[in-house]
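Structural description and commentary
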Amino acid sequence: MADPSSYRPRPGDIPDSPGVYRFRDEHRRVIYVGKAKSLRQRLANYFQDLANLHPRTRTMVTTAASVEWTVVSTEVEALQLEYSWIKEYDPRFNVKYRDDKSYPYLAVTMSEQFPRVQVMRGHKKKGVRYFGPYAHAWAIRDTVDLLLRVFPVRTCSAGVFKNAARTGRPCLLGYIGKCSAPCVGRITPEDHQELAEDFCDFMAGRTGTYLRRLERQMMEAAEEMEYERAARLRDDIEALKKAMEKNAVVLADATDADLIAVAEDELEAAVQIFHVRGGRVRGQRGWVTDKVEEVTTGALVEHALQQLYGEETGDAVPKEVLVPALPEPVEPVQEWLTGRRGSNVSLRIPQRGDKKALMETVQRNAQQALALHKTKRASDLTTRSRALEEIAEALDLDSAPLRIECYDISHLQGDDVVASMVVFEDGLQRKSEYRRFQIKGFAGQDDVRSMHEVITRRFRRYLAEKERTGEWADGTSADASGPEIPATDIPAADVPVTDGTGTHGSDAAGPSAGGSSTPAPLADGDAALTGTEVITDSLKDDDGRPRKFAYPPQLVVVDGGQPQVAAARRALDELGIDDIAVCGLAKRLEEVWVPGEDDPVVLPRTSEGLYLLQRVRDEAHRFAITYQRTKRAKRFRAGPLDDVPGLGETRKQALIKHFGSVKKLRSATIEQIQEVPGIGRKTAETIAVALAQAAPAAPAVNTATGEIIEDEEPDTTGGSSGEPVTAGAPDERRGQET
């Protein structure tokens, strides 16, 4: 625990002007970001007697080891910079709203030649208009199904669209009149774009124009005795009215507004937002946060506004924002919102009438959301605190393990051996710091040896960062007898990756002979890091911050029993690290193993600590097996062209498209290969040699007829050799995944 007076700046050094400040811990990690109208007055509040500080503020200032600030011209600039830094650094002591679910939006891809209507979740993309959010995806699909009668906009995926264009036949929606069938040329790109814009206008609340136009067309058709056309228009009007009825009128004056309500207790706060467009509730969403700092309702509202509108511009920011309490001061926030919209935005508290009544409804929703959140076991702060305390007591730790790292090994019968590292902080997943490894020190199946390699590589990186920052005067290990850290043993810079489920992590390993499924290539292999300057640069971010491997855990958990635990402990001992606890969780009886003990620690089945360890272990297993399956799938798809150096995916696709199959490419001459755009003579010679060295597989046989199956079908994957796989091949590869 640091003494705030040890890093307190002199009052005369702090400017008396607007700015943003950052508190950093001993590892240079930003733990809190704040803004102030006067930096001198605000920072002075943190360096008073600890007894006078709020408990959460006291924890923050004693965790911090330094403070720094940036001066800006206005309070609006301070608000913008604070939002940017909170997004960049994700400080643990700042209020961080987290969505209680990933809300679906109705999205129209206006940037495409033929805009598409679809359901979207996650981050918003440029060139896409969003409506919502909705509580359920089926609600979006019901609305779209009704509107397609009047606005037959494309809804199919790119693959379906291209296939219909190739065959000249539209999909079912094109036949029943719910799609204008741009895939077969029934409508021009310009007319389809106009149709999509009309759809967006209707969804934005401008409904009266279209209803009146359809009613006029219906009356004209009836007068001309075109009764079938009049009947279709009548049905279209009913469909539009039915779609409108799904969003009841709540504000009679056709207001565009967002209503924000906050329900809070001493530990947590829930925020609910109703999006009202054209007087109708068009969407609803909610957030929940742990109150890790002393914060007022107005400050919670300010943080919610930053979260809600920080990435929005134009009409996405409504003319009116109704809140339960105003931020202090309110003028910079209102000016910031006006800048985001491009025109004046009213930020106020509703006092009477329909708006106050609707705000009470939003408030009830926030209270219910907070009550529901309290019942969720994994997110309950009290439960997580109890779980960490139980783990500390069971393992005889000095303090609760606020950062836990768990490691797991995964392979299929000794092939594609990989490992995962997952991180939990304060009992919650920290997915941005997940890592994954390729086992490259040896070949074959040996979980114990693999665990030793992974732990060694991870903590060599940690020790190298400590040496770089000057925490060791001698530049070697933490222990005088510990080994020096050779430059060539440090893994290449970690590269962000995404596993198959959307979880973010990185690959700490360099390339291996078996290939990597990492989407982005590593900067260099291990052997390339041969100089101190290179090591230092690879361990730093662009702004000088240490990379994620620099943060040590209080507890290392391994998926396994006594052998895996002993291997992990031995790896740490060899590096001279003795201040990190190690344990293992065995799957069979859920026993907790600790180093040097013949008997496991048995936690009660109802223990919150055991439940947390199980969640950590299961997450590491999921992350590892996902990566292993991705590598295996890539290896199975590999073909002769994958071994050609310098031949990328685009040129492989061009070769297959030109020749039709790898078999035909193999029989082509160098001059014929050169006819493919982008293929020079040297590359053509390399391709010919590679295909000549790769012996073709024996022809496949139809087991029912005995006929030989010729490989004449075009290979559209670009990564397969076109060689058939016998019926028994999958079964021969099937084994136990670990």
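Structure: above.
A short tour of the structure in this document, coming up. (Residues numbered from 1 in each chain as written. Predicted model: local features only at pLDDT ≥ 70, side-chain atom pairs only at ≥ 80, totals over all residues. Heavy atoms only, no water.)

1. Observations concerning the layout of surface pockets
Basically, it comes down to this: Each cavity reported here is a set of points on a 1 Å grid over the protein atoms alone in which a 1.4 Å probe fits but cannot get out, each pocket an open set with protein on both sides within 12 Å along at least five of seven lines, and each lining residue one with an atom within 4 Å of a point. Grid points are joined across faces, edges and corners, and a volume is the space filled by probe spheres set on the points. Only runs of H or I of at least four residues qualify as helices and only runs of E of at least two qualify as strands under DSSP, and these elements are numbered from the N terminus. In this classification, Asp, Glu, Lys and Arg are treated as charged, Ala, Val, Leu, Ile, Met, Phe, Trp, Tyr, Cys and Pro as nonpolar, and every other residue, Gly included, as polar.
Put simply, the second largest pocket is a space of about 870 Å³. Forming the walls of the second largest pocket are 37 residues, and the residues nearest its centre are Tyr21, Tyr32, Lys35, Arg42 and Tyr46. Every element with two or more residues in the lining of the second largest pocket is listed here: strand E2 (30-36), helix H1 (39-46), helix H2 (55-63), helix H3 (75-89), helix H10 (297-309) and helix H11 (331-341). Examining the composition of the lining of the second largest pocket, we find that 5 residues originate from one element, E2, more than from any other. A per-class count over the lining of the second largest pocket returns 17 nonpolar, 10 polar and 10 charged.

2. Quick word on the environment of alanine 624
How we decide: Only protein chains enter the accessibility calculation, which uses a 1.4 Å probe; a residue whose area is less than 20% of its type maximum is buried, one above 50% is exposed, and one in between is partly exposed. The contact rule is simple, with two residues in contact once any of their heavy atoms fall within 4.5 Å.
With respect to the helices and strands, the residue alanine 624 is situated in helix H17 (residues 608-637). Owing to a relative accessible area of 0%, alanine 624 belongs among the buried residues under this scheme. Distance from alanine 624 to arginine 435, taken between C-alpha atoms, is 9.5 Å for residues 189 residues apart in sequence. With sequence-adjacent residues up to four places away left out, alanine 624 is seen in contact with Asp408, Ser410, Val418 and Ser420.

3. So, the pattern of salt bridges
Heads up, the condition is: Take a side-chain nitrogen of Lys or Arg and a carboxyl oxygen of Asp or Glu: if they are within 4 Å of each other, that pair is a salt bridge.
By the definition in use, this model includes 27 salt bridges. Here glutamate 320 ties to arginine 348 by a salt bridge, and the two come within 2.6 Å at their closest N and O atoms. Linking glutamate 320 in strand E11 (residues 320-322) with arginine 348 in strand E12 (residues 346-348), this pair joins segments that are 28 residues apart in sequence. A salt bridge links arginine 458 to glutamate 405; the shortest N-O distance between them is 2.7 Å.

4. A word on the packing of aromatic side chains
Short version of the rule: To pair, rings of Phe, Tyr and Trp, with the six-membered ring standing in for Trp, must have centres within 6.5 Å; the planes then decide the type, stacked if under 30 degrees apart, edge-to-face if over 60, and tilted in the middle.
Overall, the coordinates contain 13 aromatic pairs when judged by the stated rule. Plain terms: the ring middles of phenylalanine 23 and phenylalanine 47 are 6.4 Å apart, the flat faces sit at 40° to each other, and that makes the pair tilted. Remark: phenylalanine 47 occurs in the loop between H1 and H2 and phenylalanine 23 occurs in strand E1 (residues 19-24); sequence separation between them is 24 residues. The exposure class of phenylalanine 23 is buried, given its relative accessible area of 0%. Summarising the aromatic geometry, the rings of phenylalanine 114 and phenylalanine 161 are spaced 5.6 Å apart at their centres and angled 40° between planes, so their arrangement reads as tilted.

5. A short note on the nonpolar core
The cut-off we apply is this: By nonpolar core we mean a set of buried residues, namely Ala, Val, Leu, Ile, Met, Phe, Trp, Tyr and Cys, connected to one another through side-chain atoms within 4.5 Å.
Of all hydrophobic cores here, the largest spans 27 residues; its most connected members are Tyr407, Val454, Ile455, Phe459, Val556, Leu572 and Ile577. Every element with two or more residues in this core is listed here: strand E13 (403-412), strand E14 (415-425), helix H14 (447-468), strand E19 (555-559) and helix H16 (562-574). The dominant element in this core, judged by the number of residues it contributes, is H14, at 6 residues. For valine 556, the contacting residues outside a window of four places in its chain are Glu405, Tyr407, Ile455, Phe459, Ile580, Ala581, Val582 and Cys583.

6. A closer look at the packing of H3 against H10
Defined as follows: Axis angles are defined between N-to-C directions and span 0 to 180 degrees, where every axis is a line fitted to C-alpha atoms and, for a helix, only to the segment in contact. An angle below 35 degrees is read as roughly parallel, one above 145 as roughly antiparallel, one from 65 to 115 as roughly perpendicular, and any other as oblique.
Following both chains from N to C, one finds H3 and H10 inclined at 70°, their axes separated by 11 Å at the closest point. One finds that H3 runs roughly perpendicular with respect to H10. Contacts between H3 and H10 involve Leu79, Glu82 and Tyr83 from the first element and Glu302, His303, Gln306 and Gln307 from the second. When its residues are assigned to classes, the contact of H3 with H10 shows 2 nonpolar, 3 polar and 2 charged.

7. A few points about unusual backbone geometry
Between glutamate 328 and the following residue, proline 329, the backbone shows a cis peptide bond with an omega angle of 0°. Within the secondary structure, proline 329 sits in the loop between E11 and H11. With a phi close to 55°, alanine 181 is a non-glycine residue in the positive phi region. With respect to the helices and strands, the residue alanine 181 is situated in the loop between helix H6 (172-175) and helix H7 (189-203). Residue alanine 181 is classed as buried on the basis of its relative accessible area of 0%. Even without a glycine there, the phi angle at aspartate 396 is positive, about 60°. Assignment of secondary structure puts aspartate 396 in the loop between helix H13 (381-394) and E13.

8. Quick word on the sheet that holds strand E3 (residues 66-71)
Worth spelling out the cut-off: In this scheme, strands are said to pair when DSSP sees at least two bridges between them.
Ordered by their spatial adjacency, 3 strands build an open sheet running E2-E1-E3, and the pairing between neighbours is antiparallel. Taken across any chain shown, the strands that pair with only one partner, and hence form the sheet edges, are E2 and E3. For this sheet the average axis-to-axis angle between neighbouring strands, irrespective of direction, equals 20°. As judged from the 6 bridges shared by E1 and E2, these two strands associate in the antiparallel manner. Note on E2: the bridge partner recorded for phenylalanine 23 is tyrosine 32. Of the strands in this sheet, E1, E2 and E3 are in contact with H1, which crosses E1 at around 25°.

9. A look at the side chain of serine 450
Considering the arrangement of structural elements, one finds serine 450 in helix H14. On the basis of relative accessibility, which here comes to 1%, the residue serine 450 falls in the buried class. With residues near it in sequence (within four places) discarded, serine 450 still touches Ile409, Val417, Ile439 and Phe442.

10. Notes on a nonpolar patch on the surface
Note the cut-off: Distance thresholds for patches are 9 Å for like charges and 5 Å for nonpolar side chains (Val, Leu, Ile, Met, Phe, Trp, Tyr), applied to residues having over 30% relative accessible area and no salt bridge. Areas reported here follow the Shrake-Rupley algorithm with a probe of radius 1.4 Å; residue values treat only the protein chains shown as occluding.
On the surface, Leu172, Tyr175 and Ile176 cluster together to form a nonpolar patch covering roughly 360 Å² of accessible area. Tracing the sequence through the fold places leucine 172 in helix H6. For leucine 172, a relative accessible area of 62% corresponds to the exposed category.

11. Looking at the environment of threonine 686
For clarity, the cut-off: Pairs of N or O atoms within 3.5 Å make up the polar contacts considered here, provided that, within protein, one atom can donate a hydrogen while the other can accept it, and that residues adjacent in sequence are counted only when both atoms are side-chain atoms.
Structurally, the position occupied by threonine 686 is in helix H21 (residues 681-693). C-alpha of threonine 686 to C-alpha of leucine 647: the two residues are 39 residues apart in sequence and 9.6 Å apart in space. Residue contacts for threonine 686: discarding those within four places in its chain leaves Val644 and Pro645. A distance of 2.9 Å separates a polar atom in the side chain of threonine 686 from the backbone oxygen of lysine 682.

12. Quick look at H2
Here H2 has its buried residues at Thr57, Met60, Val61 and Thr62. The elements touched by buried residues of H2 are E1, E2 and H1.

Keep in mind these values describe shape, not function.
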